[in-house]
Number of protein chains: 2
Amino acid sequence: MRIAMDAMGGDHAPEVNVKGAMLAAKDWTDIEIILVGDEKQIKPLLDESISNIKIHHTDEMILADEEPVKAVRRKKNSSMVLAGKMVKDKSADAMISAGNTGALMTTGLLVIGRIPGVERPALAPTMPTMDNAGILALDLGANMDASEEHLVQYAVMGSIYRSKIHGMESPRVGLLNVGTEAGKGSEITKAVYPMLEQLPINFIGNVEARDVLNRNCDVLVCDGFVGNILLKAMEGTANNIFSVLKVELTKNFLRKAAAAILKPSLSAFKKKMDYTTYGGAPLLGVNGVCIKSHGSSDANAVKNAVGQARNAIQKELVTSIASEFNKK
Amino acid sequence: MRIAMDAMGGDHAPEVNVKGAMLAAKDWTDIEIILVGDEKQIKPLLDESISNIKIHHTDEMILADEEPVKAVRRKKNSSMVLAGKMVKDKSADAMISAGNTGALMTTGLLVIGRIPGVERPALAPTMPTMDNAGILALDLGANMDASEEHLVQYAVMGSIYRSKIHGMESPRVGLLNVGTEAGKGSEITKAVYPMLEQLPINFIGNVEARDVLNRNCDVLVCDGFVGNILLKAMEGTANNIFSVLKVELTKNFLRKAAAAILKPSLSAFKKKMDYTTYGGAPLLGVNGVCIKSHGSSDANAVKNAVGQARNAIQKELVTSIASEFNKK
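Residues numbered from 1 in each chain as written. Chains lettered and ligands numbered in written order. Predicted model: local features only at pLDDT ≥ 70, side-chain atom pairs only at ≥ 80, totals over all residues. Heavy atoms only, no water.

- Per an unreviewed UniProt entry, chain A goes by the name Phosphate acyltransferase and belongs to Chengkuizengella axinellae.
- UniProt annotates chain A under Subcellular location (unreviewed entry) with the comment "Cytoplasm".
- The UniProt entry for chain A carries the following comment under Function (unreviewed entry): "Catalyzes the reversible formation of acyl-phosphate (acyl-PO(4)) from acyl-[acyl-carrier-protein] (acyl-ACP). This enzyme utilizes acyl-ACP as fatty acyl donor, but not acyl-CoA." (UniProt positions renumbered as here; feature names shortened; annotations may be inferred.)

Here it is as structure tokens:
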């Protein structure tokens, strides 16, 4: 299995990418990692005794703040686009990037291309839950608006991912809505509800934002706009509460003692809420495995993204989605 | 000033409504409260020495789970609809209800009617913020979907409310979005952004869900669907963290000691997050003052809703909105 890694993507590139690649290459000897990026920067970081890592040199790269479509169209030799091309021409089985999210989605769409029948690829990160099992939420970021048909396709792809990759027998698919009753919601959620009922998936109906942390479903279907609001609202609230606790817990000696007692469980909860710990987000619907790891990933998170890609290749994720979409 | 109260609305009706009315009537002798509802139930609760409370008897009422439009159309003598009629025919200057939210909005629309020029009334509760000043968010619940023009009108009405009722000189109006940059968002937020820039309000641009608790604006503009997801996500996250803390803080003696130390600040924060403490939500855009108090209101919350209605009458809220919409 050959995995192309955009070595130049992310806040701590290329260091954490190279380190993460080395951790992965040592653990999984059945993979070969192709580090796409600037050889001059990568080589000094790389332990050359590891035989299953190669470098594919390029000195072009897409920056974090570049306009995605323009960047992908113009920078044809950027590390991200080259990794995408390898997936397209089958010289790699998967690609990973921690770089510009919009550019990665454009690379997926324009360089790798869609699975026939898929109207819109969807980015599917894992939302945090109290039991650490997480909820696969899609779409979160690839497209702000979604039609009924897009939401239906998200539901199918998310369900396949959870059963194929996470081994769930019958993943519960929920539609993010303002109430659990069937008639609730916006025009689009009302229209899509009966369509979801017709699918060969375990559609459990509408689910509410307030119960996401309690894992009210395994796959959460929403458009990119609403999904983003949900995730950021959860993040913001948790961060605010932790800030308050931090201030309160350092006010005087007694409170510092209380803080020491509580620290382990608060840290555990904080980690729970940090969705970067749940691994990378697959870009579902593109004709190849494409994993977005978080921009602030450390070496371990990069390694986990490689593991996720390896898993998706082994379980034939793309073939599974393609065959479901070709049935129709 | 005459304020009609739907005495039968809310989870603890009519008790808390009557108690709240008595508290308000004692404090503000310039108002007269008309309790609309079942005399047999109201009378035993009422201290008849309070001269500025009257009862308007009816034995019909709208239940919490009734279909709003049907209920309002059929139950023409329900306590809620009668209170709305009093506002319509000017026998009351304002109405208050803690009952069925959808039915109250229907009463606003069909019984009281819209201010000329207003396309859609909006329900505007206050979102919690760390500094307790709150953010007036609209629309939250009256309409799931909103057009560009609706969002523009929400911005204008919210801005007038904050300056008239809360005395803010130049309330900051923000558009709920997935990023702060101008080009971000869904088709509708991108289209409405330049329209908001043209208004005679202090439009500060896009604001993000994660910063709401830090009061990133004074008026938050969003459609009812997204606003509901935002509010519930914040609520759910806070409740989950408090549940975890509760478990962690009762595990053993040492932790119970820590809990005792932290209790006051945790309680204060919990109260901060409880949006019912921020008072009732005005239904803006209807041709009369109409306040929705929370279904779980206690007597004090009911009293505060009366105060809010009194304030809106005194500050001529409806006239201010009407004159702004008639300028156009």
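Focus on the overall build of chain A
No. 1: Helix and strand counts for chain A stand at eleven helices and twelve strands.
No. 2: The C-alpha atoms of chain A give a radius of gyration of 20 Å, which matches the 20 Å a tight globule of 328 residues would have.
No. 3: Based on the C-alpha atoms only, the size of chain A along its principal axes is roughly 65 × 55 × 35 Å.
No. 4: Counting all 328 residues of chain A, 60% fall into the buried class.
No. 5: Long-range pairs, those at least 24 residues apart, make up 69% of the contacts in chain A with a sequence separation of at least 6.
No. 6: Entry remark: accessible area of chain A is about 13,100 Å², with carbon and sulfur atoms responsible for 50%.
No. 7: Taken together, the 38 basic and 37 acidic charged side chains of chain A have centroids lying 3 Å from each other. (Helix = DSSP H or I, 4+ residues; strand = E, 2+ residues; numbered from the N terminus. Rg over C-alpha atoms; globule rule 2.2 N^0.38 Å. Buried < 20%, exposed > 50% of the residue type's maximum accessible area, 1.4 Å probe, protein only. Contact = heavy atoms within 4.5 Å. Areas by Shrake-Rupley, 256 points an atom, 1.4 Å probe, with all protein chains shown as cover. Lys, Arg positive; Asp, Glu negative; His and termini not counted. Charge placed at Lys NZ, Arg CZ, Asp CG, Glu CD.)

Describing the interface of chain B and chain A
No. 1: Listed by partner, the interface residues are 42 residues for chain B and 42 residues for chain A.
No. 2: For the pairing of chain B and chain A, the buried interface totals around 3,900 Å² over both sides, and the portion due to carbon and sulfur atoms is 75%.
No. 3: Where chain B meets chain A, there are four salt bridges.
No. 4: One salt bridge connects A:Arg210 with B:Glu235, and the closest N-O pair in it is separated by 2.7 Å.
No. 5: Taken together, the connections running from chain B to chain A amount to eight residue pairs in polar contact (both at pLDDT 80 or more).
No. 6: Elements that contribute at least two residues to the side of chain B that touches chain A include exactly strand 8 (172-177), helix 7 (187-197), helix 8 (224-248) and helix 9 (253-273) of chain B.
No. 7: Looking at the side of chain B that touches chain A, the element that brings in the most residues is helix 8 of chain B, giving 17 residues. (Buried area = accessible area lost by both parts, 1.4 Å probe. Salt bridge = Lys/Arg side-chain N within 4 Å of Asp/Glu carboxyl O. Polar contact = N/O pair within 3.5 Å; in protein donor to acceptor, adjacent residues only side chain to side chain.)

Regarding the relation of the copies chain B and chain A
Two copies of one chain are present, and they are related through a rotation about an axis combined with an axial shift.
No. 1: Rotating chain B by 180 degrees about the axis while translating it 0.0 Å along that axis superimposes it on chain A, leaving an RMSD of 0.0 Å. Such values leave the two copies arranged in the relation of a two-fold axis. Among all residues of chain B, the one whose C-alpha sits closest to the rotation axis is B:Ala258, at a distance of 2.2 Å.
No. 2: A symmetric contact is evident, with 100% of the interface residues of chain B recurring at the interface of chain A. (Least-squares fit on C-alpha atoms with pLDDT ≥ 70 in both.)

Some points on the side chain of A:Lys303
Residues and elements named next belong to chain A.
No. 1: Along the chain, the position of Lys303 falls in helix 10 (residues 299-314).
No. 2: Given a relative accessible area of 16%, Lys303 falls into the buried group.
No. 3: Those residues in contact with Lys303 that lie beyond four places of it in its chain are Gly20, Leu23, Ala24, Asp27 and Trp28.

Re the pattern of salt bridges
Residue and element names in this part refer to chain A.
No. 1: Enumeration over the complete set of coordinates arrives at 26 salt bridges over all chains.
No. 2: Between Asp218 and Arg215 there is a salt bridge, and its shortest N-O distance comes to 2.5 Å.
No. 3: For the salt bridge of Lys327 with Glu324, the shortest nitrogen-to-oxygen distance reads 3.1 Å. One end of the pair is Lys327 and the other is Glu324, both in helix 11 (residues 317-327) and three residues apart, which spans about a single turn.
No. 4: Residue classification places Lys327 among the exposed residues on the basis of a relative accessible area of 66%.
No. 5: The structure contains a network of salt bridges with shared partners spanning Asp131, Arg172, Arg215 and Asp218.

Remarks on the sheet that holds strand 3 (residues 53-57) of chain A
Residues and elements named next belong to chain A.
No. 1: The strand order across the open sheet built from seven strands is 3-2-1-4-12-11-5, with neighbouring strands paired in mixed fashion. At either margin of the open sheet sits one strand with a lone partner, and together these are strand 3 and strand 5 (122-123).
No. 2: In terms of strand pairing, strand 1 (residues 2-6) meets strand 4 (residues 94-97) through three bridges, oriented parallel. Looking at the pairing, Ala4 lines up with Met95 of strand 4. (Pairing = 2+ DSSP bridges.)

Quick word on the nonpolar core
No. 1: In this structure, A:Met127, A:Leu220, A:Leu230, B:Met127, B:Leu220 and B:Leu230 are the most contacted members of the largest nonpolar core, which totals 70 residues.
No. 2: With residues near it in sequence (within four places) discarded, A:Leu230 still touches A:Met127, A:Leu176, A:Ala209, A:Val212, A:Leu220, B:Ile229 and B:Ala233. (Core = buried A, V, L, I, M, F, W, Y, C linked by side-chain atoms within 4.5 Å.)

Description of the packing of aromatic side chains
No. 1: Inspection of every chain in the model, using the stated rule, returns two aromatic pairs over all chains.
No. 2: Taking the centre distance of 5.1 Å and the plane angle of 75 degrees together, the rings of B:Tyr193 and B:Phe203 count as edge-to-face. Remark: B:Phe203 occurs in strand 9 (residues 202-208) and B:Tyr193 occurs in helix 7; sequence separation between them is ten residues. Residue B:Tyr193 shares its accessibility class with B:Phe203, and that shared class is buried.
No. 3: The lysine or arginine in question, A:Lys303, covers the ring of A:Trp28, its NZ or CZ lying 5.3 Å from the ring centre. (Phe/Tyr/Trp six-rings, centres within 6.5 Å; stacked < 30°, edge-to-face > 60°. Lys NZ or Arg CZ within 6 Å of the ring centre and 35° of its normal.)

Digging into the domain arrangement of chain A
Residues and elements named next belong to chain A.
No. 1: Here the domain parsing of chain A yields domain 1 (1-118 + 285-328) and domain 2 (127-277).
No. 2: Placing the centre of domain 1 and that of domain 2 at their C-alpha centroids yields a distance of 26 Å.
No. 3: Taken together, the two surfaces of domain 1 and domain 2 that pack against each other cover about 1,300 Å², and 68% of this comes from carbon and sulfur.
No. 4: Interface area lost by domain 1 to domain 2 is led by His294, Leu317 and Phe325, which between them contribute 30%.
No. 5: Counting every contact that joins domain 1 to domain 2 gives zero salt bridges.
No. 6: Inspection of the domain 1/domain 2 interface yields two residue pairs in polar contact (both at pLDDT 80 or more). (Domains from an automatic or database assignment.)

Considering helix 5 (residues 101-112) of chain A
Residue and element names in this part refer to chain A.
No. 1: Across the twelve residues of helix 5, nine count as buried, placing the element largely inside the fold.
No. 2: Along helix 5, the positions that sit buried rather than exposed are Gly102, Ala103, Leu104, Met105, Thr106, Thr107, Gly108, Val111 and Ile112.
No. 3: Of the surrounding secondary structure, the elements contacted by the buried residues of helix 5 are helix 3 (68-74), helix 4 (79-88), strand 4, strand 5, strand 11 (281-284) and strand 12 (289-292).
No. 4: The opening residue of helix 5, the one whose side-chain oxygen lies 3.1 Å from the backbone nitrogen of Gly102, is Asn100.
No. 5: Count one or two residues on from helix 5 and you reach Gly113, which has phi positive near 90 degrees.

Examining the confidence of the model for chain A
No. 1: Mean pLDDT over chain A works out to 93, with 99% of the residues at or above the 70 mark.
No. 2: Among the scores for the predicted complex, ipTM is 0.90 and pTM is 0.92. (pLDDT = per-residue confidence, 0-100.)

Some words on the packing of helix 8 (residues 224-248) of chain A against helix 9 (residues 253-273) of chain A
Residue and element names in this part refer to chain A.
No. 1: The geometry of helix 8 relative to helix 9 is characterised by a closest axis approach of 10 Å and an angle of 165 degrees between their N-to-C directions. By the angle between their axes, helix 8 is roughly antiparallel relative to helix 9. Note that helix 8 runs across helix 9; the crossing there is left-handed. From helix 8, Met234, Ala238, Phe242, Leu245 and Glu248 reach across to helix 9, where they touch Arg255, Leu266, Phe269, Lys270 and Met273.
No. 2: Partitioning the contact of helix 8 with helix 9 into residue classes produces seven nonpolar, no polar and three charged. (Axes fitted to C-alpha atoms, helices over the stretch in contact; angles between N-to-C directions. Parallel < 35°, antiparallel > 145°, perpendicular 65-115°, else oblique. Left-handed = near helix turned anticlockwise from the far one by under 90°. Nonpolar A, V, L, I, M, F, W, Y, C, P; charged D, E, K, R; others polar.)

Structural notes on unusual backbone geometry
No. 1: The amide bond that connects A:Leu138 to the next residue, A:Asp139, takes the cis arrangement and shows omega of 5 degrees.
No. 2: Relative to the elements of secondary structure, A:Asp139 occurs in the loop between strand 7 (135-138) and helix 6 (148-166).
No. 3: Positive phi outside glycine occurs at B:Lys90, with the angle close to 65 degrees.
No. 4: For B:Lys90, the position within the fold is in the loop between helix 4 (79-88) and strand 4 (94-97).
No. 5: Residue B:Lys90 is classed as exposed on the basis of its relative accessible area, which comes to 56%.
No. 6: Not every positive phi belongs to a glycine, and B:Glu316 is a case in point at roughly 55 degrees.
No. 7: Examined against the element boundaries, B:Glu316 turns out to sit in the loop between helix 10 (299-314) and helix 11 (317-327).

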